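Analysis of the macromolecular model
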Protein chains: 2
Amino acid sequence: MPGPRSVEHLKQCFARLPGIGPKTAERLSYFLLRADQALAFELADAIRTARASTLVCSVCFNLDEVDPCSICADPRRDHAMVLVVEDPRDVAAFDATGYRGLYHVLQGRVSAIEGIAPEDLTAAQLFARARSGTVREVCLATNPDLEGEATARMLAERLAEQPGLVVSRLARGIPAGSNITQVSQSILADAVEGRRVLRGDA
Amino acid sequence: MPGPRSVEHLKQCFARLPGIGPKTAERLSYFLLRADQALAFELADAIRTARASTLVCSVCFNLDEVDPCSICADPRRDHAMVLVVEDPRDVAAFDATGYRGLYHVLQGRVSAIEGIAPEDLTAAQLFARARSGTVREVCLATNPDLEGEATARMLAERLAEQPGLVVSRLARGIPAGSNITQVSQSILADAVEGRRVLRGDA
(Lines give C-alpha, C1' and ligand atoms only; values in the text may rest on other atoms or scores of the structure.)
Protein backbone atom coordinates (compact mmCIF):
# COMPACT_ATOMS: atom_id res chain seq x y z
CA MET A 1 0.00 0.00 0.00
CA PRO A 2 1.50 3.33 -1.09
CA GLY A 3 0.14 5.39 1.82
CA PRO A 4 -3.39 6.72 2.44
CA ARG A 5 -5.17 7.93 -0.69
CA SER A 6 -5.47 11.54 0.52
CA VAL A 7 -1.71 11.61 1.12
CA GLU A 8 -0.99 10.20 -2.34
CA HIS A 9 -3.17 12.92 -3.82
CA LEU A 10 -1.36 15.62 -1.85
CA LYS A 11 2.00 14.27 -3.10
CA GLN A 12 0.72 14.45 -6.69
CA CYS A 13 -0.43 18.04 -6.20
CA PHE A 14 2.95 19.09 -4.77
CA ALA A 15 4.79 17.29 -7.58
CA ARG A 16 3.07 19.55 -10.15
CA LEU A 17 4.89 22.59 -8.76
CA PRO A 18 8.06 23.66 -10.58
CA GLY A 19 11.28 22.22 -9.13
CA ILE A 20 9.40 19.82 -6.83
CA GLY A 21 10.27 16.19 -7.63
CA PRO A 22 8.52 13.12 -6.23
CA LYS A 23 10.86 12.83 -3.22
CA THR A 24 10.41 16.48 -2.21
CA ALA A 25 6.64 16.17 -2.74
CA GLU A 26 6.67 13.20 -0.35
CA ARG A 27 8.78 15.05 2.22
CA LEU A 28 6.50 18.11 2.16
CA SER A 29 3.35 15.97 2.37
CA TYR A 30 4.51 13.97 5.39
CA PHE A 31 5.77 17.14 7.06
CA LEU A 32 2.29 18.67 6.79
CA LEU A 33 0.69 15.50 8.16
CA ARG A 34 2.77 15.65 11.32
CA ALA A 35 3.02 19.43 11.67
CA ASP A 36 0.61 21.46 13.75
CA GLN A 37 -2.79 21.26 12.06
CA ALA A 38 -3.07 25.08 12.21
CA LEU A 39 0.14 25.43 10.17
CA ALA A 40 -1.16 23.08 7.46
CA PHE A 41 -4.54 24.81 7.29
CA GLU A 42 -2.89 28.24 7.19
CA LEU A 43 -0.89 27.19 4.11
CA ALA A 44 -4.05 25.84 2.44
CA ASP A 45 -5.91 29.08 3.12
CA ALA A 46 -2.96 31.24 2.03
CA ILE A 47 -2.91 29.48 -1.36
CA ARG A 48 -6.65 30.02 -1.83
CA THR A 49 -6.57 33.64 -0.67
CA ALA A 50 -3.53 34.64 -2.71
CA ARG A 51 -4.85 32.95 -5.84
CA ALA A 52 -8.34 34.39 -5.46
CA SER A 53 -7.35 37.94 -4.55
CA THR A 54 -4.48 38.55 -6.96
CA LEU A 55 -5.09 40.36 -10.24
CA VAL A 56 -2.88 41.25 -13.18
CA CYS A 57 -2.61 45.05 -13.56
CA SER A 58 -4.12 46.04 -16.93
CA VAL A 59 -1.53 48.81 -17.34
CA CYS A 60 1.82 47.26 -16.36
CA PHE A 61 0.92 43.54 -15.91
CA ASN A 62 2.33 43.46 -12.39
CA LEU A 63 0.43 41.34 -9.84
CA ASP A 64 -1.59 43.12 -7.16
CA GLU A 65 -4.91 43.00 -5.36
CA VAL A 66 -6.18 46.10 -7.20
CA ASP A 67 -6.27 47.11 -10.87
CA PRO A 68 -4.55 49.41 -11.81
CA CYS A 69 -1.92 48.19 -9.35
CA SER A 70 -0.84 50.33 -6.40
CA ILE A 71 2.33 51.33 -8.28
CA CYS A 72 0.54 52.55 -11.43
CA ALA A 73 -2.03 54.36 -9.24
CA ASP A 74 0.60 56.16 -7.11
CA PRO A 75 0.71 59.87 -8.15
CA ARG A 76 4.00 60.39 -6.25
CA ARG A 77 5.84 58.13 -8.67
CA ASP A 78 7.52 59.31 -11.88
CA HIS A 79 4.99 58.30 -14.56
CA ALA A 80 7.39 59.29 -17.35
CA MET A 81 9.86 56.51 -16.45
CA VAL A 82 9.10 52.85 -17.24
CA LEU A 83 11.38 49.98 -16.22
CA VAL A 84 10.70 46.89 -18.37
CA VAL A 85 11.15 43.61 -16.48
CA GLU A 86 10.53 39.95 -17.32
CA ASP A 87 8.76 38.87 -14.15
CA PRO A 88 6.59 40.33 -11.36
CA ARG A 89 9.27 39.22 -8.87
CA ASP A 90 11.68 41.65 -10.53
CA VAL A 91 9.28 44.51 -9.65
CA ALA A 92 9.67 43.73 -5.95
CA ALA A 93 13.45 43.47 -6.34
CA PHE A 94 13.82 46.87 -8.08
CA ASP A 95 11.33 48.56 -5.77
CA ALA A 96 13.36 47.46 -2.76
CA THR A 97 16.27 49.53 -4.18
CA GLY A 98 14.27 52.77 -3.90
CA TYR A 99 13.39 53.05 -7.62
CA ARG A 100 10.25 55.22 -7.90
CA GLY A 101 9.23 55.15 -11.55
CA LEU A 102 6.71 52.75 -13.10
CA TYR A 103 7.18 49.23 -14.47
CA HIS A 104 6.15 47.09 -17.40
CA VAL A 105 6.11 43.33 -16.80
CA LEU A 106 6.77 41.39 -20.03
CA GLN A 107 5.64 38.09 -18.48
CA GLY A 108 8.66 36.30 -19.90
CA ARG A 109 11.32 36.83 -22.54
CA VAL A 110 11.71 35.99 -26.20
CA SER A 111 13.09 32.45 -26.50
CA ALA A 112 13.64 30.51 -29.71
CA ILE A 113 14.18 27.28 -27.74
CA GLU A 114 10.93 27.55 -25.81
CA GLY A 115 9.10 29.00 -28.80
CA ILE A 116 8.25 32.29 -27.05
CA ALA A 117 7.69 35.11 -29.55
CA PRO A 118 7.16 38.83 -28.77
CA GLU A 119 3.42 38.25 -29.33
CA ASP A 120 3.39 35.88 -26.34
CA LEU A 121 4.67 38.71 -24.15
CA THR A 122 3.11 42.07 -23.27
CA ALA A 123 5.33 43.82 -25.84
CA ALA A 124 2.42 45.27 -27.86
CA GLN A 125 1.05 46.91 -24.71
CA LEU A 126 4.53 48.33 -23.95
CA PHE A 127 4.68 49.91 -27.43
CA ALA A 128 1.20 51.39 -26.86
CA ARG A 129 2.36 52.90 -23.55
CA ALA A 130 5.45 54.31 -25.26
CA ARG A 131 3.23 55.96 -27.90
CA SER A 132 0.83 57.45 -25.33
CA GLY A 133 2.98 60.57 -24.87
CA THR A 134 3.38 60.41 -21.09
CA VAL A 135 6.49 58.21 -21.15
CA ARG A 136 9.88 59.94 -21.48
CA GLU A 137 12.21 56.97 -20.89
CA VAL A 138 11.92 53.21 -21.18
CA CYS A 139 14.73 51.32 -19.41
CA LEU A 140 15.06 47.69 -20.52
CA ALA A 141 15.74 45.60 -17.41
CA THR A 142 15.58 42.11 -18.86
CA ASN A 143 18.14 39.62 -17.56
CA PRO A 144 21.80 39.97 -18.67
CA ASP A 145 21.75 36.56 -20.38
CA LEU A 146 21.38 35.48 -24.03
CA GLU A 147 17.59 35.54 -24.12
CA GLY A 148 17.24 38.66 -22.00
CA GLU A 149 19.69 40.49 -24.29
CA ALA A 150 17.87 39.32 -27.42
CA THR A 151 14.57 40.49 -25.93
CA ALA A 152 16.05 43.89 -25.05
CA ARG A 153 17.51 44.31 -28.56
CA MET A 154 14.17 43.42 -30.17
CA LEU A 155 12.26 45.87 -27.94
CA ALA A 156 14.87 48.62 -28.42
CA GLU A 157 14.54 48.38 -32.20
CA ARG A 158 10.78 48.85 -32.09
CA LEU A 159 10.90 51.55 -29.38
CA ALA A 160 13.44 53.53 -31.49
CA GLU A 161 10.57 54.26 -33.92
CA GLN A 162 9.00 56.49 -31.26
CA PRO A 163 10.42 60.04 -31.69
CA GLY A 164 11.74 61.70 -28.55
CA LEU A 165 11.64 58.56 -26.43
CA VAL A 166 14.79 57.69 -24.46
CA VAL A 167 15.48 53.94 -24.50
CA SER A 168 18.04 52.68 -21.98
CA ARG A 169 19.41 49.37 -20.71
CA LEU A 170 20.61 48.38 -17.24
CA ALA A 171 24.33 48.93 -16.65
CA ARG A 172 26.54 45.84 -16.83
CA GLY A 173 29.74 45.61 -14.81
CA ILE A 174 31.31 44.13 -11.71
CA PRO A 175 28.66 43.29 -9.11
CA ALA A 176 28.90 45.22 -5.83
CA GLY A 177 30.52 43.13 -3.10
CA SER A 178 32.26 40.77 -5.53
CA ASN A 179 35.94 39.94 -5.77
CA ILE A 180 37.66 40.84 -9.04
CA THR A 181 39.80 37.68 -9.05
CA GLN A 182 36.64 35.59 -8.85
CA VAL A 183 34.28 37.16 -11.37
CA SER A 184 34.18 35.88 -14.95
CA GLN A 185 36.04 37.29 -17.93
CA SER A 186 32.84 38.55 -19.56
CA ILE A 187 31.91 40.49 -16.41
CA LEU A 188 35.34 42.18 -16.39
CA ALA A 189 35.10 42.92 -20.12
CA ASP A 190 31.69 44.57 -19.52
CA ALA A 191 33.14 46.57 -16.63
CA VAL A 192 36.05 47.92 -18.70
CA GLU A 193 33.89 48.69 -21.73
CA GLY A 194 31.31 50.49 -19.61
CA ARG A 195 33.87 52.34 -17.44
CA ARG A 196 32.83 55.77 -16.21
CA VAL A 197 35.10 58.80 -16.36
CA LEU A 198 35.60 60.28 -12.90
CA ARG A 199 37.84 63.23 -13.88
CA GLY A 200 39.03 64.76 -17.16
CA ASP A 201 37.87 64.01 -20.68
CA ALA A 202 38.13 60.44 -21.99
CA MET B 1 6.40 47.49 -2.12
CA PRO B 2 7.25 43.82 -1.61
CA GLY B 3 4.30 42.38 -3.54
CA PRO B 4 0.62 42.08 -2.54
CA ARG B 5 0.05 41.20 1.13
CA SER B 6 -1.68 37.89 0.36
CA VAL B 7 1.32 36.84 -1.75
CA GLU B 8 3.76 37.79 1.00
CA HIS B 9 1.74 35.69 3.43
CA LEU B 10 1.78 32.73 1.03
CA LYS B 11 5.57 33.04 0.70
CA GLN B 12 5.91 33.01 4.50
CA CYS B 13 3.73 29.89 4.73
CA PHE B 14 5.79 28.05 2.11
CA ALA B 15 9.06 29.10 3.77
CA ARG B 16 8.01 27.25 6.95
CA LEU B 17 8.19 23.92 5.11
CA PRO B 18 11.43 21.93 5.49
CA GLY B 19 13.99 22.54 2.75
CA ILE B 20 12.05 25.49 1.31
CA GLY B 21 14.14 28.68 1.45
CA PRO B 22 12.85 32.20 0.75
CA LYS B 23 13.70 32.03 -3.00
CA THR B 24 11.91 28.70 -3.50
CA ALA B 25 8.94 29.99 -1.47
CA GLU B 26 8.78 32.98 -3.82
CA ARG B 27 9.03 30.79 -6.94
CA LEU B 28 6.25 28.46 -5.73
CA SER B 29 4.01 31.37 -4.75
CA TYR B 30 4.30 33.16 -8.09
CA PHE B 31 3.83 29.88 -9.95
CA LEU B 32 0.51 29.34 -8.16
CA LEU B 33 -0.59 32.90 -8.91
CA ARG B 34 -0.15 32.39 -12.63
CA ALA B 35 -1.11 28.72 -12.84
CA ASP B 36 -4.62 27.52 -13.59
CA GLN B 37 -6.82 28.53 -10.63
CA ALA B 38 -8.15 24.95 -10.44
CA LEU B 39 -4.62 23.63 -9.91
CA ALA B 40 -3.98 26.06 -7.04
CA PHE B 41 -7.31 25.31 -5.38
CA GLU B 42 -6.75 21.56 -5.78
CA LEU B 43 -3.46 21.85 -3.87
CA ALA B 44 -5.13 23.89 -1.12
CA ASP B 45 -7.91 21.32 -0.77
CA ALA B 46 -5.48 18.39 -0.89
CA ILE B 47 -3.55 19.86 2.07
CA ARG B 48 -6.76 20.32 4.09
CA THR B 49 -8.15 16.89 3.22
CA ALA B 50 -4.93 14.97 3.86
CA ARG B 51 -4.32 16.77 7.15
CA ALA B 52 -7.91 16.35 8.35
CA SER B 53 -8.38 12.72 7.32
CA THR B 54 -5.05 11.22 8.36
CA LEU B 55 -4.73 9.43 11.71
CA VAL B 56 -1.82 7.81 13.51
CA CYS B 57 -2.42 4.06 13.98
CA SER B 58 -2.61 3.30 17.71
CA VAL B 59 -0.90 -0.07 17.19
CA CYS B 60 2.02 0.59 14.81
CA PHE B 61 2.02 4.43 14.56
CA ASN B 62 1.81 4.37 10.78
CA LEU B 63 -0.35 7.05 9.11
CA ASP B 64 -3.67 6.02 7.61
CA GLU B 65 -7.28 7.11 7.36
CA VAL B 66 -8.44 4.36 9.74
CA ASP B 67 -7.26 3.20 13.19
CA PRO B 68 -5.99 0.47 13.45
CA CYS B 69 -4.41 1.08 10.06
CA SER B 70 -5.24 -1.09 7.05
CA ILE B 71 -1.98 -3.00 7.51
CA CYS B 72 -2.54 -3.87 11.18
CA ALA B 73 -6.16 -4.83 10.37
CA ASP B 74 -5.23 -7.13 7.47
CA PRO B 75 -5.67 -10.80 8.56
CA ARG B 76 -3.74 -12.05 5.51
CA ARG B 77 -0.54 -10.48 6.82
CA ASP B 78 1.96 -12.25 9.07
CA HIS B 79 1.14 -10.77 12.50
CA ALA B 80 4.13 -12.53 14.08
CA MET B 81 6.64 -10.44 12.09
CA VAL B 82 7.26 -6.76 12.90
CA LEU B 83 9.57 -4.52 10.86
CA VAL B 84 10.68 -1.50 12.90
CA VAL B 85 11.15 1.67 10.81
CA GLU B 86 11.91 5.30 11.62
CA ASP B 87 9.34 6.99 9.42
CA PRO B 88 5.90 6.30 7.88
CA ARG B 89 7.48 6.82 4.44
CA ASP B 90 9.63 3.75 5.09
CA VAL B 91 6.43 1.67 5.46
CA ALA B 92 5.41 2.53 1.90
CA ALA B 93 8.95 1.76 0.66
CA PHE B 94 9.11 -1.70 2.27
CA ASP B 95 5.53 -2.54 1.33
CA ALA B 96 6.35 -1.85 -2.32
CA THR B 97 8.92 -4.69 -2.13
CA GLY B 98 6.22 -7.25 -1.35
CA TYR B 99 6.92 -7.52 2.42
CA ARG B 100 3.72 -8.79 4.07
CA GLY B 101 4.40 -8.67 7.82
CA LEU B 102 3.48 -5.79 10.15
CA TYR B 103 5.38 -2.60 10.98
CA HIS B 104 6.25 -0.43 13.93
CA VAL B 105 6.96 3.24 13.19
CA LEU B 106 9.39 4.75 15.73
CA GLN B 107 8.61 8.31 14.61
CA GLY B 108 12.32 9.15 14.52
CA ARG B 109 15.60 7.81 15.83
CA VAL B 110 17.68 8.32 18.94
CA SER B 111 19.93 11.34 18.41
CA ALA B 112 22.27 12.87 20.98
CA ILE B 113 22.76 15.94 18.78
CA GLU B 114 19.05 16.66 18.40
CA GLY B 115 18.33 15.56 21.98
CA ILE B 116 15.99 12.72 20.94
CA ALA B 117 15.81 9.99 23.62
CA PRO B 118 14.06 6.59 23.34
CA GLU B 119 11.18 8.10 25.38
CA ASP B 120 10.53 10.57 22.54
CA LEU B 121 9.99 7.64 20.19
CA THR B 122 7.39 4.86 20.24
CA ALA B 123 9.93 2.44 21.74
CA ALA B 124 7.87 1.67 24.88
CA GLN B 125 4.92 0.65 22.67
CA LEU B 126 7.26 -1.60 20.64
CA PHE B 127 8.43 -3.36 23.82
CA ALA B 128 4.78 -3.86 24.83
CA ARG B 129 4.01 -5.41 21.43
CA ALA B 130 7.06 -7.69 21.77
CA ARG B 131 5.78 -8.85 25.20
CA SER B 132 2.23 -9.51 23.94
CA GLY B 133 3.11 -13.05 22.80
CA THR B 134 1.91 -12.80 19.21
CA VAL B 135 5.23 -11.49 17.85
CA ARG B 136 7.86 -14.05 16.82
CA GLU B 137 10.41 -11.76 15.15
CA VAL B 138 11.27 -8.06 15.31
CA CYS B 139 13.46 -6.87 12.43
CA LEU B 140 15.17 -3.53 13.09
CA ALA B 141 15.01 -1.51 9.85
CA THR B 142 16.37 1.82 11.04
CA ASN B 143 18.71 3.62 8.64
CA PRO B 144 22.26 2.26 8.15
CA ASP B 145 23.83 5.47 9.53
CA LEU B 146 25.31 6.40 12.92
CA GLU B 147 22.04 7.34 14.59
CA GLY B 148 20.03 4.53 12.99
CA GLU B 149 22.65 2.00 14.15
CA ALA B 150 22.68 3.41 17.69
CA THR B 151 18.88 3.23 17.78
CA ALA B 152 18.92 -0.38 16.54
CA ARG B 153 21.55 -1.36 19.16
CA MET B 154 19.55 0.26 21.96
CA LEU B 155 16.31 -1.46 20.87
CA ALA B 156 18.06 -4.83 20.37
CA GLU B 157 19.40 -4.73 23.94
CA ARG B 158 15.97 -4.19 25.43
CA LEU B 159 14.23 -6.68 23.08
CA ALA B 160 16.79 -9.37 24.05
CA GLU B 161 15.14 -9.46 27.48
CA GLN B 162 12.07 -11.05 25.87
CA PRO B 163 12.55 -14.86 25.87
CA GLY B 164 11.96 -16.63 22.56
CA LEU B 165 11.82 -13.44 20.49
CA VAL B 166 13.97 -13.32 17.34
CA VAL B 167 15.56 -9.88 16.88
CA SER B 168 17.07 -9.20 13.46
CA ARG B 169 18.60 -6.29 11.53
CA LEU B 170 18.46 -5.44 7.82
CA ALA B 171 21.31 -6.91 5.76
CA ARG B 172 24.11 -4.51 4.82
CA GLY B 173 26.10 -4.97 1.62
CA ILE B 174 26.53 -3.74 -1.93
CA PRO B 175 23.34 -2.09 -3.20
CA ALA B 176 21.69 -3.82 -6.17
CA GLY B 177 22.49 -2.06 -9.46
CA SER B 178 25.59 -0.34 -8.08
CA ASN B 179 29.12 -0.44 -9.46
CA ILE B 180 31.77 -1.94 -7.18
CA THR B 181 34.41 0.58 -8.25
CA GLN B 182 32.11 3.40 -7.20
CA VAL B 183 30.74 2.30 -3.83
CA SER B 184 32.51 3.35 -0.62
CA GLN B 185 35.02 1.33 1.38
CA SER B 186 32.59 0.81 4.27
CA ILE B 187 29.96 -0.63 1.91
CA LEU B 188 32.51 -3.11 0.52
CA ALA B 189 33.69 -4.02 4.03
CA ASP B 190 30.05 -4.73 5.02
CA ALA B 191 29.60 -6.84 1.89
CA VAL B 192 32.66 -8.99 2.59
CA GLU B 193 31.86 -9.41 6.27
CA GLY B 194 28.27 -10.38 5.55
CA ARG B 195 29.12 -12.67 2.61
CA ARG B 196 26.85 -15.67 2.07
CA VAL B 197 28.15 -19.17 1.42
CA LEU B 198 26.74 -20.53 -1.85
CA ARG B 199 28.34 -23.99 -1.78
CA GLY B 200 30.40 -25.95 0.76
CA ASP B 201 31.09 -25.16 4.40
CA ALA B 202 32.74 -21.84 5.21
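Here the residue index of a chain counts from 1 through its sequence in written order. Chains and ligands are labelled by the order in which they are written, letters from A for the one and numbers from 1 for the other. A pLDDT threshold of at least 70 governs which residues receive local features in this predicted model, and a stricter bar of 80 or more applies before side-chain atom pairs are shown or counted, although totals over entire chains, interfaces and linings include all residues. Neither water nor hydrogens contribute to the side-chain values; these are computed over all heavy atoms in the structure.

**Brief notes about the nonpolar core**
One finds A:Phe14, A:Leu32, A:Leu43, A:Ile47, B:Phe14, B:Leu43 and B:Ile47 to be the most contacted residues of the largest nonpolar core, which totals 40 residues. Of all the secondary structure elements, the ones that give two or more residues to this core are α1 (5–15), α2 (22–34) and α3 (37–53) of chain A together with α1 (5–15), α2 (22–34) and α3 (37–53) of chain B. Each helix is a run of H or I in the DSSP string that is no shorter than four residues. Each strand is a run of E no shorter than two, and both are numbered from the N terminus. Broken down by element, the residue count for this core peaks at eight residues, all from α3(A). Among all residues touching B:Leu43, those that are not within four sequence positions of it are A:Leu10, A:Cys13, A:Phe14, A:Leu17, A:Ile47 and B:Leu32. For the purposes of this section, nonpolar cores are sets of buried Ala, Val, Leu, Ile, Met, Phe, Trp, Tyr and Cys residues that join through side-chain atoms within 4.5 Å. For every residue, the accessible area obtained with a 1.4 Å probe (protein chains only) is divided by the maximum for its type, and the residue is called buried under 20%, exposed over 50%, and partly exposed between those limits. Two residues qualify as a contact provided that any one of their heavy atoms is within 4.5 Å of a heavy atom in the partner residue.

**Some thoughts on the interface of chain B and chain A**
Chain B puts 53 residues into the contact, and the matching count from chain A is 53 residues. Computed with a 1.4 Å rolling probe, the buried area is the accessible surface lost when two parts are put together, summed over both parts. Of the roughly 5200 Å² buried between chain B and chain A, counting both surfaces, carbon and sulfur atoms make up 66%. For this document, the term salt bridge refers to a Lys or Arg side-chain nitrogen within 4 Å of an Asp or Glu carboxyl oxygen. Our count for the contact surface shared by chain B and chain A stands at six salt bridges. Whenever a nitrogen or oxygen atom comes within 3.5 Å of another N or O atom, the pair is scored as a polar contact, on the condition that within protein one atom can donate a hydrogen and the other can accept it, and that pairs from neighbouring residues in sequence are kept only if both atoms are in side chains. The tally of links between chain B and chain A comes to 19 residue pairs in polar contact (both at pLDDT 80 or more). Of all elements in the fold, only α1, α2, α3, β2 (63–64) and α4 (88–95) of chain B reach the threshold of two or more residues within the side of chain B that touches chain A. Top element by residues in the side of chain B that touches chain A is α3(B). It accounts for 16 residues. Residues of the side of chain B that touches chain A, tallied by class, amount to 29 nonpolar, nine polar and 15 charged. Under the grouping applied here, Gly and all other residues not named as nonpolar or charged are polar, the nonpolar ones being Ala, Val, Leu, Ile, Met, Phe, Trp, Tyr, Cys and Pro and the charged ones Asp, Glu, Lys and Arg.

**Here's the deal with the sheet that holds strand β4 (residues 101–105) of chain A**
All names here are of chain A. When DSSP locates at least two bridges between a pair of strands, those strands are taken to pair. Here we have four strands laid out as an open sheet, ordered β4-β3-β5-β6, and parallel in their pairing. The sheet terminates laterally at β4 and β6 (166–169), the two strands that pair on one side only. Adjacent strand axes in the sheet meet at a mean angle of 25 degrees, parallel and antiparallel pairs treated alike. Inspection of the sheet shows strand β5 (residues 137–140) paired to β6 by four bridges, in the parallel sense. Directly across from Leu 140, in β6, lies its bridge partner Arg 169. Between the N-to-C directions of two axes lies an angle of 0 to 180 degrees, each axis being a line fitted to C-alpha atoms and, for a helix, fitted only over the stretch in contact.

**Focus on the packing of α1(A) against α2(A)**
Residues and elements named next belong to chain A. Two numbers describe how α1 lies on α2: the axes approach to 8 Å, and their chain directions differ by 130 degrees. If you check the angle between α1 and α2, you find them oblique. Handedness of the crossing formed by α1 with α2: right-handed. Facing α1, whose interface residues are Val 7, Leu 10, Lys 11, Phe 14 and Ala 15, α2 presents Ala 25, Glu 26, Leu 28, Ser 29, Tyr 30, Leu 32 and Leu 33. Relative orientations are named as follows: roughly parallel for angles under 35 degrees, roughly antiparallel for angles over 145 degrees, roughly perpendicular for angles from 65 to 115 degrees, and oblique for any other angle. By the definition used in this description, the sense in which the near helix is turned from the far one sets the handedness, with an anticlockwise turn below a right angle giving left-handed and a clockwise turn giving right-handed.

**Examining the pattern of salt bridges**
Opposite charge on two side chains lets them pair, provided their charged atoms get close. By the definition in use, this model includes 36 salt bridges over all chains. The salt bridge partner of A:Arg169 is A:Glu149, with a shortest N-O separation of 3.2 Å. Residue A:Arg169 is found in strand β6, and its partner A:Glu149 is found in helix α6 (residues 146–159); the two are separated by 20 residues along the sequence. Judged by relative accessible area, which is 27%, A:Arg169 ranks as partly exposed. A salt bridge links B:Arg158 to B:Glu161, with the shortest nitrogen-to-oxygen separation between them at 3.6 Å. Residue B:Glu161 is classed as exposed on the basis of its relative accessible area, which comes to 58%. Residues joined by salt bridges that share partners form a network here, namely A:Asp74, A:Arg76, A:Arg77, A:Asp95 and A:Arg100.

**Brief notes about the domain arrangement of chain A**
Where each domain starts and ends follows an automatic or database-derived domain assignment. Here chain A is described as being made up of domain 1 (5–53) and domain 2 (63–199). Relative to domain 2 of chain A, the C-alpha centre of domain 1 of chain A lies at a distance of 35 Å.

**A look at the confidence of the model for chain A**
Residues and elements named next belong to chain A. Predictor confidence is given residue by residue as pLDDT, running from a minimum of 0 to a maximum of 100. On average, residues of chain A score 90 in pLDDT, and 97% of them are at 70 or above. Element-level pLDDT for chain A is lowest in helix α7 (residues 185–193), with a mean of 83, against a maximum mean of 96 in β4. In the predicted complex, the global pTM is 0.71; the interface-specific ipTM is 0.71.

**Focus: the environment of A:Ala50**
Examined against the element boundaries, A:Ala50 turns out to sit in helix α3. Each C-alpha atom of the pair A:Ala50 and A:Asp64 lies 9.8 Å from the other, and the pair is 14 residues apart in sequence. Those residues within four positions of A:Ala50 in sequence are excluded, and the remaining contacts are B:Ser6, B:Val7, B:Leu10 and B:Leu33.

**Considering the environment of A:Pro68**
All names here are of chain A. Examined against the element boundaries, Pro 68 turns out to sit in the loop between β2 (63–64) and β3 (78–85). Exposure remark for Pro 68: the relative accessible area of 40% places this residue in the partly exposed category. Taking the C-alpha atoms as reference points, Pro 68 and Val 91, separated by 23 residues in sequence, lie 15 Å from one another. Ignoring any residue separated from it by four or fewer positions in sequence, one finds Pro 68 in contact with Cys 57, Val 59 and Ala 73.

**As for the sheet that holds strand β4 (residues 101–105) of chain B**
All names here are of chain B. Read from one edge of the open sheet, four strands run β4-β3-β5-β6, paired in parallel fashion. Bordering the open sheet on either side are β4 and β6 (166–169), each of which pairs with just one other strand. Sheet twist, expressed as the mean angle between neighbouring strand axes with direction ignored, is 25 degrees. Bridge analysis of strand β3 (residues 78–85) against β4 gives five bridges, and the strand direction is parallel.

**Some remarks on the state of the cysteines**
Cysteine sulfur pairs qualify as disulfides if the two atoms are within 2.5 Å. By the definition in use, this model includes zero disulfides over all chains. Free cysteine A:Cys13: the closest other cysteine sulfur is in B:Cys13, separated by 17 Å.

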